[in-house]
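Residue strings, one per chain:
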Amino acid sequence: MKQNHWRKRITACILLAAMTVLSVSGCGNKTQDESKTNQETTSQTETSGANANQEPVAKGRYVEHKIELPVDEDSMWILDIVKSPEGNFQLFAKDKNAGGPVQLYEYNGSVWTLITPDYLSKIPQNIYISHIAYSSDGIVYLTYRDAEYKEKLAKVSDTADFTVIPLEEISKDMITNLHVSKSGILLSLMWNTMVLEDDGTVLRRLPHKSAQSDNCFSFAVTEDSFLAPGDQGFIRYNEVTGEEKEIIPYQSGEEDIYGSLAAAGEGEDFYLCNSAGIHRMMENGTIWETIVDGSLTSLGMPSINIKKMMTGSDNDYYVWCIENEKSNLIHFTYDADMPSVPSKTLTIYGLNLSDNKTLRQAASLFQMANPDVKIEIIDGHSDAGGISVSDTIRSLNTELVNGKGADILVLDGLPARSYKEKGILEDMQKIIGEMIESGELYDNVADKFYEEDGAVYQIPTRISFPVIIGNEEDLRHFSTLEDIAQYQNANPDKPITSKARYENILREYANLYYTELVNPETGQLVPGKVKTLLETVKTLGDACGAKVIFGESENDGRLNAFGFDQGNRIKMSGIYDLYGGSRLISIEMLNSINDMMLPYSAIDKRGYSMEQLNGSYLALGMLGVTSTGKEKETAMEFVRFVLGSQVQSSDLRDGFPVNPEAVDQWQEKTSEYSVAISVSGSDDYLDGYWPEPERRQELLGYLNTLNNPIILDGVLMEMIINESKGYFEGTQTAAQAAAAVENKAKLYEAEQQ
Amino acid sequence: MRRNNNRKRNNRNRKEAGGAYAFLLPSLLGTALFVVLPYAELIRRSFCSSIGREFVGLRNYIQVLNNTTFRLAVFNTCRFLIVCIPLLLLLSLFTAVMISGLKEKGNTYKTTLLLPMAVPVASIVLLWRVIFHSQGLLNQVTAILGAEPVDWINGSTAFGVLVFTYIWKNLGYDMILWLAGLSSISDQQYEAARVDGAGAFSCFWYITMPGLKKTMVLTAALSLFNSFKVFREAYLLAGDYPNESIYMLQHLFNNWFLSLDIQKMSAASVLLLLAIAVPVLIYNRMQGRNID
């Protein structure tokens, strides 16, 4: 009996030991032998570098090459780039000034050759061609606008004359796409695609989502289907019967309609090219297969607009895209030796990075220049699932305390002062000092971010600055809050601001005169200034008809136009009201040269003057390298890269450069973009064009004079806004409201001691 | 023979103790991992710089004790506890005694007083804003009486609003605890007292109160713990920086975490731990002596 008991115990112990060994064997790193075995069985997995002990690295990734285009877009229009029935890429162009015949270049995989097929001479010279498509038997179909700007469709071939196909049902609709398939001509309009016979007879209409512009190429024809954008996803129509077969959900979301679709050759597979990359949808598939990761290529750059994707003959892809109003043709080819996934990951964290175009641009360019680095941009707000800003910061702090934070922080809205004091931020003096010395950074901007001990913990990547426009006499009264209030009191019938909520006026003027309100050295409120601010805002608001809140019936029953909550954003533009005579001056917060197109028009027409306001500027995209990050060296390199001229020279309309070399490139930039708005109740209008070189110089010259950075403390701002409500509602005096703000600010300051 | 018996008994005791330890081990490990270790880390951090890299001695404690916001928060928290807990205990005991006197008829009142427990905090906050806002319902009522509008939540009345919120939410819960205590007191005691000529007050003072002694300790302890939860309401009603009168320790800790002042939080937490643990230990010691 006793023996049996012991036997049971021994068996149990053996089983326990065996289970433990088996469980533990699953943990830990693979041995070298195992790696070798894997290497033999997986052809695409190799050990990287000379060190055979390293983890095997999967290889094979699409890489991009830019194909030089045969035309200079300063003098030529690129009409379309299409694939000929023989499989060659053809570029149709036309001289911008001289007009003349359409020119055709063919690409043989290495060079473009000018060719002159017979049909080219048959195309009239006084038309503007928008789309071109080949039929399988070599007939060229084209859409164009005639001299009266009417949309037309025509066909031409070597053996047949240029023939206009009658389009009686189009009326004023815009043609957005053209395809030719076995069932007919597919002519996409704003809300539907018409299937036409060769004589213009409409066979059927296939409804789809608004294509909105002729830049939308999210249509494709596969062997039996026509794909078009819908509300829920891409709609697959049976091309012959017009029957809706299925809806394929978008890959990224509705913005996919600004991507491009392309058939994958024979069969029903097709590709989508968007900012997230190139993706394939198999026939009867449900999941997008990403072939090219957009974040590792230029497709992810905010400066790039995808126009058209085409497939090559060797599992390669061509993407025609527009950057800075110029065409690029990018060729994506598979490189079997390139590691599939970069070995280093650099993480960048910020509260709201989804709109930070400069950072995204820099990330794409940096990854292209450093294929072994992957940059992960973490948008704190969306990553935390939309919780409050305070809670988002708390989650970030937990990571930082545990040494798991990002390598780079975008400090906008984060407690930068506290991070600096706690040793979270690394000193960047070495790279910043070098850049200032070599003239790559504005010293008047960078100087403001030097600490007393010479360290630099944060630096802006872009800057935005205010200019004030109006009659010369009026502009002299805006240097301080007191001046503004006095001037408004002296001219009570001439509002200085546009009609808005008190809160919005308060936010704008608290932002603009922030350095008057808060001591930049200590970060504390200047005694008595809150009261001045509140009284100034009240004076301005009373003059323009401001209210605490506007009702639905305000503005003649239209939308509650003056009541929107603009948060802490300064989106000032009063040029329209200044020009219309309903306000005394206009303050424009400028992010790019484009922002001055309309103001310059007003200046020209009314003889206004313009001045920069108090040397102040908004420091945007403040970067700091964390001392707890794993890739400090790469992080420093990246900061230098962002501040370098390659990134700074891009005008993404999110701020001016901090790099003088990049500003020189901005100075040279030209644009054909124009904008016009009419002044209500009259025939008058403002029409803005790209400023002349002298004006660009004047504007960019302000960057040398900026010396007064506005770095908002979100907590203080919210205190000012919340505690002043009673004053504007009429339940408190300015002194009481200011005292309430100052009391809370004292509490806030005392916490930091 | 006796020595053999002793040895057997010792072996048996040792085996039993081993078994007990084996059963206790998981919970011991859990406590060590989730309570003891974090506390040890907290104590370590209270002597270190913000991200725990260098030893700074007592600097954090000195900073915390000299910090005016810490002193304000301690004062407010103590004031809240001193006002709320006795008030809640008295009110809930009063309602419990009243309801128990009603027997079956008291169920409706019981349910009514328990309802606030079922209302989510977010709804309470919304309701309170509707009532206590400067343009809210309360001010509409006081305006009829000719009073000026008052910002109840952000003004000096904020403390009263918070006390009211706490009492309103916890009254039903404490009342149930008291009712449970009351039900354990035998009716025969009251009958015997009445036969001896005791009145209602005497019955309450000499039978009910002694009978509720244990319940009182439990109810007071639970009320104390629930009082810490009132921060949710205070935070949702008035934000990170409320009126000074309701600026509690949790506000300070929350804001310190936001500015990454982990070292100050740790030191303040250790001080709080001592402030709670020392009286408890003294009380336990005294209890032990009484038993002896």
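Up top you'll find the structure we're talking about.
Residues numbered from 1 in each chain as written. Chains lettered and ligands numbered in written order. Predicted model: local features only at pLDDT ≥ 70, side-chain atom pairs only at ≥ 80, totals over all residues. Heavy atoms only, no water.

Participant: Explain the overall build of chain A here, please?
Facilitator: Looking only at helices and strands, chain A has 22 helices and 36 strands in total. Looking at chain A residue by residue over its 753 residues, the buried ones come to 52%. For chain A, the proportion of contacts with a sequence separation of at least 24, taken over those separated by at least 6, is 60%. For chain A, the accessible surface area stands at approximately 34,600 Å², while carbon and sulfur atoms represent 48% of it. (Helix = DSSP H or I, 4+ residues; strand = E, 2+ residues; numbered from the N terminus. Buried < 20%, exposed > 50% of the residue type's maximum accessible area, 1.4 Å probe, protein only. Contact = heavy atoms within 4.5 Å. Areas by Shrake-Rupley, 256 points an atom, 1.4 Å probe, with all protein chains shown as cover.)

Participant: In this structure, what is going on with the overall build of chain B? I would like to understand it.
Facilitator: Scanning chain B for helices and strands turns up 13 helices and zero strands. Moving toward the C terminus, one meets the helices and strands of chain B in the order α-α-α-α-α-α-α-α-α-α-α-α-α. Computed over C-alpha atoms, the radius of gyration of chain B comes to 26 Å, more than 25% over the 19 Å expected from 2.2 N^0.38 for 292 residues, which places it beyond the range of a compact globule. Its C-alpha atoms put chain B at 95 × 75 × 30 Å along the principal axes. Counting only residues that meet the buried cut, chain B has 37% of its 292 residues in that class. (Rg over C-alpha atoms; globule rule 2.2 N^0.38 Å.)

Participant: Would you explain the packing of helix α5 (residues 121–132) of chain B against helix α6 (residues 137–144) of chain B in this entry?
Facilitator: Helix packing for two helices is described by the angle between their axes and how far apart those axes are. All names here are of chain B. Two elements in contact, α5 and α6, have axes whose closest approach is 4 Å; the angle formed by their N-to-C orientations is 20 degrees. When the axes of α5 and α6 are compared, the pair comes out roughly parallel. Taken together, the residues of α6 that come into contact with α5 (itself represented by Val-130, Ile-131 and Phe-132) are Leu-137, Leu-138 and Asn-139. Among the residues making up the contact of α5 with α6, the classes are represented as five nonpolar, one polar and no charged. (Axes fitted to C-alpha atoms, helices over the stretch in contact; angles between N-to-C directions. Parallel < 35°, antiparallel > 145°, perpendicular 65-115°, else oblique. Nonpolar A, V, L, I, M, F, W, Y, C, P; charged D, E, K, R; others polar.)

Participant: Would you mind showing me how to read unusual backbone geometry here?
Facilitator: Most of the time, phi is negative for any residue but glycine, and the peptide bond is trans. All names here are of chain A. If you check the backbone angles, Glu-325 has positive phi at about 65 degrees while not being a glycine. Turning to its location among the elements, Glu-325 is positioned in the loop between β24 (317–323) and β25 (326–339). With a phi angle near 55 degrees, Asn-614 is a residue other than glycine that sits in the positive phi range. Take Asn-614: it is sitting in the loop between β31 (609–612) and β32 (616–620). A relative accessible area of 31% places Asn-614 in the partly exposed class.

Participant: Is there a simple way to think about α5 of chain B in this case?
Facilitator: Each α-helix winds once per 3.6 residues, and so residues spaced three or four apart point in a common direction. Residue and element names in this part refer to chain B. The terminal C-alpha atoms of α5 lie 16 Å apart, and with twelve residues this matches the ideal 16 Å at 1.5 Å per residue to within 8%. Considered for burial, the residues of α5 that qualify are Val-121, Ile-124, Val-125, Trp-128 and Phe-132. Buried positions in α5, seen along its axis, are confined to an arc of 100 degrees and lie on one side of it. In α5, those exposed residues whose orientation departs by more than 90 degrees from the buried face are Ala-122 and Leu-126. Lining the buried residues of α5 we find α4 (107–118), α6, α7 (158–183) and α11 (230–238). (Expected span 1.5 Å × (residues − 1). Arc of directions from axis to C-beta.)

Participant: I keep staring at the interface of chain A and chain B and nothing clicks. Help me out?
Facilitator: The extent of an interface is frequently quoted as the accessible surface area lost upon association of the parts. With 27 residues of chain A in contact, the opposing surface of chain B contributes 30 residues. Together chain A and chain B conceal approximately 2,400 Å² of surface at their shared face, both sides included; 54% is due to carbon and sulfur atoms. Counting across the interface, chain A meets chain B through two salt bridges. Two residues, Arg-394 of chain A and Asp-240 of chain B, come together in a salt bridge whose shortest N-O distance is 3.7 Å. Scanning the region where chain A abuts chain B turns up 17 residue pairs in polar contact (both at pLDDT 80 or more). It is helix α22 (residues 734–752) of chain A that provides the largest number of residues to the side of chain A that touches chain B, a total of seven residues. (Buried area = accessible area lost by both parts, 1.4 Å probe. Salt bridge = Lys/Arg side-chain N within 4 Å of Asp/Glu carboxyl O. Polar contact = N/O pair within 3.5 Å; in protein donor to acceptor, adjacent residues only side chain to side chain.)

Participant: Is there a simple way to think about the pairing of strand β19 (residues 260–263) of chain A in this case?
Facilitator: For a regular strand, the rule is simple: side chains alternate between the two faces of the sheet. Residue and element names in this part refer to chain A. Here β19 runs beside strand β20 (residues 270–274); their pairing, made up of four bridges, is antiparallel. Within β20, the position partnered with Ser-260 by the bridge is Cys-273. Connecting β19 to the next strand, β20, in antiparallel fashion are six residues, including Gly-265 with a positive phi near 105 degrees. (Pairing = 2+ DSSP bridges.)

Participant: It is not clear to me how the sheet that holds β20 of chain A should be interpreted in this structure. Could you clarify?
Facilitator: Think of a sheet as strands paired side by side through backbone hydrogen bonds, with each pair either parallel or antiparallel. Residues and elements named next belong to chain A. Spatially, the four strands line up as an open sheet ordered β19-β20-β21-β22, and their pairing is antiparallel. With partners counted over all chains shown, the strands left at the sheet margins are β19 and β22 (289–293), one partner each. In this sheet, neighbouring strand axes are inclined to one another by 20 degrees on average, regardless of whether the strands run parallel or antiparallel. Where strand β21 (residues 277–281) and β22 come together, four bridges link them in antiparallel fashion. Across the sheet, the residue bridging to Ile-278 is Val-292, located in β22.

Participant: Looking at this structure, I do not really get the pattern of salt bridges. What am I missing?
Facilitator: Pairing is possible between side chains of opposite charge, provided their charged atoms come close. Residues and elements named next belong to chain A. All told, the structure shown has 37 salt bridges over all chains when counted by the stated rule. With a shortest N-O distance of 3.4 Å, Arg-145 and Glu-151 are connected by a salt bridge. A residue is classified by how much of its surface remains accessible, and Arg-145, at 26% relative accessible area, is partly exposed. Residue classification places Glu-151 among the buried residues on the basis of a relative accessible area of 13%.

Participant: Before we go on, may I ask you to explain the packing of helix α3 (residues 357–369) of chain A against helix α16 (residues 632–643) of chain A in this structure?
Facilitator: Residue and element names in this part refer to chain A. Running from N to C, α3 and α16 cross one another at 115 degrees; their axes reach a closest spacing of 10 Å. Seen from above, α3 lies across α16 with right-handed handedness. Residues Thr-358, Leu-359, Ala-362, Ala-363, Leu-365 and Phe-366 of α3 touch α16, and the partners they reach there are Thr-634, Glu-637, Phe-638, Phe-641 and Val-642. Considered class by class, the residues forming the contact of α3 with α16 number eight nonpolar, two polar and one charged. (Left-handed = near helix turned anticlockwise from the far one by under 90°.)

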